[in-house]
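# What the coordinates show
Spelled out from the first residue to the last, the chains are:
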Amino acid sequence: MRLATWNVNSIRARVGRIVDFAQREGIDVLAMQEIKCTPAQFPFAAFEEAGYHVEAHGLNQWNGVAIASREPLEDVELAFPDMPGFAKGHEGPDQPQEARAMGATVGGVRVWSLYVPNGRGLGDPHYVYKLDWLGALAQYTRDALARTPDLALALTGDFNIAPTDEDNGDPTIVPGLSTHVSEPERDAFRALEAAGLADVVRPLVPTGFTYWDYKQLRFPRNQGLRIDFILGSRAFADAVTGAAIHRDERKGDAPSDHVPVVVDLDTAAPDEDDDVPMIFG
DNA sequence: ATGTCGCGAAGATCGCGA
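Residues numbered from 1 in each chain as written. Chains lettered and ligands numbered in written order. Predicted model: local features only at pLDDT ≥ 70, side-chain atom pairs only at ≥ 80, totals over all residues. Heavy atoms only, no water.

### Some remarks on the overall build of chain A
Which entries qualify depends on this criterion: In this text, helices come from DSSP runs of H or I with a minimum length of four residues, and strands from runs of E with a minimum of two, each type numbered from the N-terminal end. For this measure, only C-alpha atoms enter the radius of gyration; the expected value for a globule follows 2.2 Å times N^0.38, where N is the number of residues. Throughout, a contact is declared for two residues whenever any of their heavy atoms are within 4.5 Å. Accessibility throughout is a Shrake-Rupley quantity obtained with a 1.4 Å probe, and a residue counts as covered only by protein chains that appear here. Within this scheme the basic residues Lys and Arg register as positive and the acidic residues Asp and Glu register as negative, but His and the chain ends are omitted. To locate a charge, take NZ of a lysine, CZ of an arginine, CG of an aspartate or CD of a glutamate.
Within chain A, the regular secondary structure consists of five helices and twelve strands. Compactness check: chain A gives a C-alpha radius of gyration of 18 Å against a globular reference of 19 Å for 281 residues, within 12% of the reference. Over its C-alpha atoms, taken along the principal directions, chain A stretches across nearly 60 × 40 × 40 Å. Pairs at least 24 apart in sequence give 71% of the contacts found in chain A among residues at least 6 apart. Per element, the accessible surface of chain A, about 12,700 Å² overall, is 50% carbon and sulfur. The distance from the centre of the 25 positive side-chain charges to the centre of the 43 negative ones in chain A is 10 Å.

### Observations concerning the nonpolar core
To keep it simple, the criterion reads: For the purposes of this section, nonpolar cores are sets of buried Ala, Val, Leu, Ile, Met, Phe, Trp, Tyr and Cys residues that join through side-chain atoms within 4.5 Å. Summary of the burial criterion: residues with accessible area below 20% of their type's maximum are buried, those above 50% are exposed, and those between are partly exposed, where the area comes from a 1.4 Å probe applied to protein chains only.
Judged by nonpolar contacts, the single largest core of 29 residues is most densely connected at Val-109, Val-201 and Phe-236. Taken together, the elements giving at least two residues each to this core come down to β4 (65-69), β6 (101-106), β7 (109-115), β11 (240-245) and β12 (261-265). For Val-109, the residues in contact, after removing those within four places along its chain, are Met-1, Ala-104, Ala-152, Ala-154, Phe-236 and Leu-265. One finds Met-83, Phe-86, Ala-138 and Ala-188 within the second-largest nonpolar core, a separate group that totals 27 residues.

### Points about the UniProt feature "domain: Endonuclease/exonuclease/phosphatase" (unreviewed entry) in chain A
For clarity, the threshold we go by: UniProt positions are given in the numbering used here, feature names are shortened, and annotations may be inferred rather than shown by experiment.
Mapped onto the present numbering, the UniProt feature "domain: Endonuclease/exonuclease/phosphatase" (unreviewed entry) falls at residues 4-258. In residues 4-258, the share of helix is 22% and the share of strand is 22%. The end C-alpha atoms are 13 Å apart.

### What about the sheet that holds β6?
Working definition: the strands of a sheet are paired by backbone hydrogen bonds and lie parallel or antiparallel to each other. Filter applied, for reference: If DSSP finds at least two bridges between two strands, the strands pair.
Within the open sheet, the six strands sit side by side as β5-β6-β7-β8-β10-β9. Their pairing is mixed. Every other strand in the sheet has two partners, leaving β5 (74-77) and β9 (198-199) as the edge strands with one partner each. Bridge count between β5 and β6: two bridges; the pairing is antiparallel. Within β6, the position partnered with Glu-77 by the bridge is Gly-103.

### Some remarks on the packing of aromatic side chains
This is how it is decided: Working definition: rings of Phe, Tyr and Trp (its six-membered ring) pair if their centres are within 6.5 Å, and the pair is stacked with planes under 30 degrees apart, edge-to-face with planes over 60 apart, and tilted otherwise.
Tallied over the full model, the rule gives 13 aromatic pairs. The interplanar angle of 70° and the centroid separation of 5.3 Å between the aromatic rings of Trp-112 and Tyr-140 together place this pair among those described as edge-to-face. Of this pair, Trp-112 sits in strand β7 while Tyr-140 sits in helix α3 (residues 125-147), placing them 28 residues apart in sequence. As far as the burial class goes, Trp-112 and Tyr-140 line up, both buried.

### Comments concerning the protein's contact with DNA strand B
Under the convention used in this document: Definition of nearness: a residue and a molecule or strand are near each other if at least one heavy atom of the residue lies within 4 Å of the molecule or strand. Two N or O atoms count as a polar contact when they lie within 3.5 Å, although within protein this holds only if one can serve as hydrogen donor and the other as acceptor, and sequence-adjacent residues are included solely when both atoms are side-chain atoms. Note on residue categories: nonpolar means Ala, Val, Leu, Ile, Met, Phe, Trp, Tyr, Cys or Pro, charged means Asp, Glu, Lys or Arg, and polar means any other residue, Gly included.
Taken together, 16 residues lie near DNA strand B, and Ser-10, Arg-14, Trp-62, Lys-88 and Arg-120 sit nearest. Each atom of DNA strand B within 4 Å of the protein was assigned to sugar, phosphate or base; sugar and phosphate come to 71%. Arg-12 has a polar side-chain atom sitting 3.2 Å from a phosphate oxygen of DNA strand B. Contact between DNA strand B and Gln-216: a base nitrogen at 3.3 Å from a side-chain N or O atom of the residue. By residue class, the composition of the surface near DNA strand B is three nonpolar, six polar and seven charged.

### Some thoughts on the sheet that holds strand β3 (residues 53-57)
Threshold: Note on geometry: axes are lines fitted to C-alpha atoms, helical ones only across the stretch in contact, with angles between N-to-C directions running from 0 to 180 degrees.
Taken in spatial order, the six strands of this open sheet run β3-β4-β2-β1-β12-β11, and their pairing is mixed. Bordering the open sheet on either side are β3 and β11, each of which pairs with just one other strand. In this sheet, neighbouring strand axes are inclined to one another by 10° on average, regardless of whether the strands run parallel or antiparallel. As paired strands, strand β1 (residues 2-7) and β12 are joined by four bridges and run antiparallel to one another. Looking across to β12, one finds that Ala-4 is bridged to Val-262.

Okay, structure coming up:
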C-alpha cells in the first residue's frame, strides 16, 4: 500500500493537480489537510472518476481535512478523544472543535489526517491551544497502543513543528522568537515519539523540506521547513519499505506551499505456514 | 514592503489566516 499526506492549501484551487499526482504516483491512500471548504463544496467527482472514495471534514473556509482511498474507508472519526477546541477571543473551556483531524481504517491501518494548529505566536492563545492539542493527541496514542499494542497506527499530516534545527531553513523562523521551533513544541513532538511512534520517513529520506512559504522567494532559495510527517507505530513502521518527499510538487502552476510525503508499506498478511519466521527488531 | 496565497463578504477591495 502506498500512503501519502499532503497539506493541499485549498482542494478547490488545485484539485486537478492533486488527483493527477495521486494517479501518477499510484497513491492508495491520500490524507489531505487544509482543504479550506465544507463537504458540500468538496470536488468529490474528480476523485471518484479517478477511482477514489473520499471522506471530507470541513466546517468553513478554514482548516479542513480529508482522506481519499482506493478501498473504502471504515470507522471514520472526525476528532480524537478530548481534542481541544478554539475560538479567538473566547479562551476557556467548551470552545468548539475545529476541522483538524480525521481518522479512518483502511488496509488494516488506522490512518489519521492531522492539521496541527499553527500557534501564531509564542504569546498567543493559539500557541497554548497548539500544545494542548498535541498533548491530547499523545494521550490518544498512548491509550490506543496500550489497548492494542500491535495496532498499525499512522499519524500523518502537517504538524507545524520543525523537530530539529536541520528542519528549519527559513531565516525568519528564529529559535526563541518563533513558533514551529520552540522547545515546548519540540517537546510535544518528542512526546508523540515517546508514546510509541516513529518518524518512518526520515530514516529513508534524511534531509529535505516539505514546506516553503510563498513569500520572499523561499522555494527558489530553498529556505523551507520540514513540518509534514508520517509517524507510525511499531507494527506500521515494520511494514514500511520506502518513502519519498515530492519536492517537485512545489513547482509549476499554482502549487500548494506544502509537498506530498509518501510511504510504501508491505501489507501482505503474515502467513502462518511461511517457512521463514517474521523477525522484529 | 509581511514583497504571496486562498477565502468570504462586500461589492470591483479588504480582513483574516497561514
